[in-house]
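# Tertiary structure, described
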Amino acid sequence: MNTERQPDFYEAEPPQASRELAKLRGSSDYVAPFEIVRRRVIDDVHEGRMTVDATVVIRIGNVEETEAASGVGVVHALDVALRKALLKYFPYLEPVRVIETYQHATGDSTEADVVSVKKFSDGQLLWTTLAKSSNTVEAGWMSLLDGYEWRIINENARRQRMNANPRLSRR
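To keep things clear, this report deals only with the structure shown in the data block. These numbers were taken from a predicted model, which means no experiment stands behind them.

### As for the packing of helix α2 (residues 74-87) against helix α3 (residues 136-164)
At a minimum axis distance of 10 Å, the contact between α2 and α3 shows a crossing angle of 30 degrees. The angle between α2 and α3 falls in the class roughly parallel. Helix-helix and strand crossings are classified by hand; for α2 and α3 the assignment is right-handed. Mapping the contact onto sequence places V74, V75, L78, D79, L82, R83 and L86 in α2 and V137, G140, W141, L144, L145, Y148 and I152 in α3.

### Examining helix α1 (residues 16-25)
Residues of α1 that are buried include every one of A17, S18 and L21, and no others. End-on view of α1: buried residues confined to an arc of 95 degrees, all on one side of the axis. Looking at the packing, one finds that the buried side of α1 touches β6 (126-133) and α3.

### What to know about unusual backbone geometry
One non-glycine residue, E47, lies in the positive phi region at around 50 degrees. Mapping E47 onto the fold places it in the loop between β1 (35-46) and β2 (49-60). By relative accessible area, E47 is classed as exposed at 73%.

### Section: the pairing of β6
Both strand β5 (residues 113-121) and β6 contribute to a ladder of eight bridges, which runs antiparallel. Within the sheet, the bridge partner assigned to S121 lies in β6 and is L126. Counting the residues that bridge the hairpin from β5 to β6 gives four residues, and of these G123 lies at a positive phi of roughly 95 degrees.

### Remarks on the nonpolar core
Core analysis: the largest hydrophobic core is formed by 30 residues, its most contacted members being L82, L86 and L93. Taken together, the elements giving at least two residues each to this core come down to α1, β2, α2 and α3. The contact partners of L86, leaving out residues within four places of it in the chain, are F34, I58, L93, Y148 and I152.

### Overview of the sheet that holds strand β3 (residues 63-71)
The strand order across the open sheet formed by three strands is β1-β2-β3, and the pairing between neighbours is antiparallel. Among the strands making up the open sheet, the edge pair consists of β1 and β3. Averaged over all pairs of adjacent strands, the angle between their axes in this sheet comes to 10 degrees, without regard to strand direction. Docked against the sheet, α2 engages β1, β2 and β3, running at close to 140 degrees with respect to β3. Of the strands in this sheet, β1 and β2 are in contact with α3, which crosses β1 at around 130 degrees.

### Details of the side chain of S18
Tracing the chain through its elements places S18 in helix α1. Of note is the side chain of S18, whose polar atom sits 2.8 Å from the backbone nitrogen of L130. Ignoring any residue separated from it by four or fewer positions in sequence, one finds S18 in contact with T128, T129, L130 and D146.

### Re the packing of aromatic side chains
Both the distance between ring centres and the angle between the ring planes are used here to describe each pair of aromatic rings. Counting across every chain of the model gives four aromatic pairs. Between the aromatic rings of F90 and Y92, the centroid separation amounts to 6.1 Å while the plane-to-plane angle is 65 degrees, which identifies the pairing as edge-to-face. Both residues of the pair, F90 and Y92, count as buried. Ring geometry for F120 and Y148: centres 5.8 Å apart, planes at 70 degrees, overall edge-to-face. On the criterion of sequence distance, the pair formed by F120 in strand β5 and Y148 in helix α3 is long-range, its members being 28 residues apart. An aromatic cluster is present here, built from F120, W127, Y148 and W150 joined pairwise through their rings.

Calculation rules
- Residues numbered from 1 in each chain as written.
- Predicted model: local features only at pLDDT ≥ 70, side-chain atom pairs only at ≥ 80, totals over all residues.
- Heavy atoms only, no water.
- Axes fitted to C-alpha atoms, helices over the stretch in contact; angles between N-to-C directions.
- Helix = DSSP H or I, 4+ residues; strand = E, 2+ residues; numbered from the N terminus.
- Parallel < 35°, antiparallel > 145°, perpendicular 65-115°, else oblique.
- Left-handed = near helix turned anticlockwise from the far one by under 90°.
- Contact = heavy atoms within 4.5 Å.
- Buried < 20%, exposed > 50% of the residue type's maximum accessible area, 1.4 Å probe, protein only.
- Arc of directions from axis to C-beta.
- Pairing = 2+ DSSP bridges.
- Core = buried A, V, L, I, M, F, W, Y, C linked by side-chain atoms within 4.5 Å.
- Polar contact = N/O pair within 3.5 Å; in protein donor to acceptor, adjacent residues only side chain to side chain.
- Phe/Tyr/Trp six-rings, centres within 6.5 Å; stacked < 30°, edge-to-face > 60°.

Structure (structure tokens):
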């Protein structure tokens with residue numbers, strides 16, 4: 001039996017999408033493709049059934065968009081509301097889905113630090129994000145935001161390359 005201490009999950013190296021975003025965000029000239037103005041979640045029980053409703057307000061340029069949605073959980077409701085707002089400006093996000101998600105708490109109580117990992121796909125690309133927080137919902141929300149932001153940034157860069165050189169393959 002191996003009695004050596006295994007490194008805690010949260011000490012793992014962040015996945016590529018999260019590393020790339022961290023590097024970009026550290027740049028003085030980086031402008032995020034969207035900004036979260038606020039979010040609100042109502043987690044309730046109605047007629048004996050759990051209901052979760054989320055409202056998300058985003059800003060793209062000078063325009064604010066507000067969307068609301070219901071979901072099977074807090075992060076799912078936030079995801080549905082966020083997608084509704086983002087799709088108005090970034091329709092190429094339509095095929096993007098979270099295909100795998102998990103969270104891991106590192107600690108002995110409900111105050112433990114949480115790591116949230118989300119794997120995304122658009123049918124062609126796969127990318128993974130990781131976010132850490134002492135708040136379970138915040139960790140899940142941040143890894144979700146990172147996944148959409150990474151995809152928008154990469155698609156915008158691809159389109160710029162295509163416009164700069166129309167002879168490039170459209171793969």
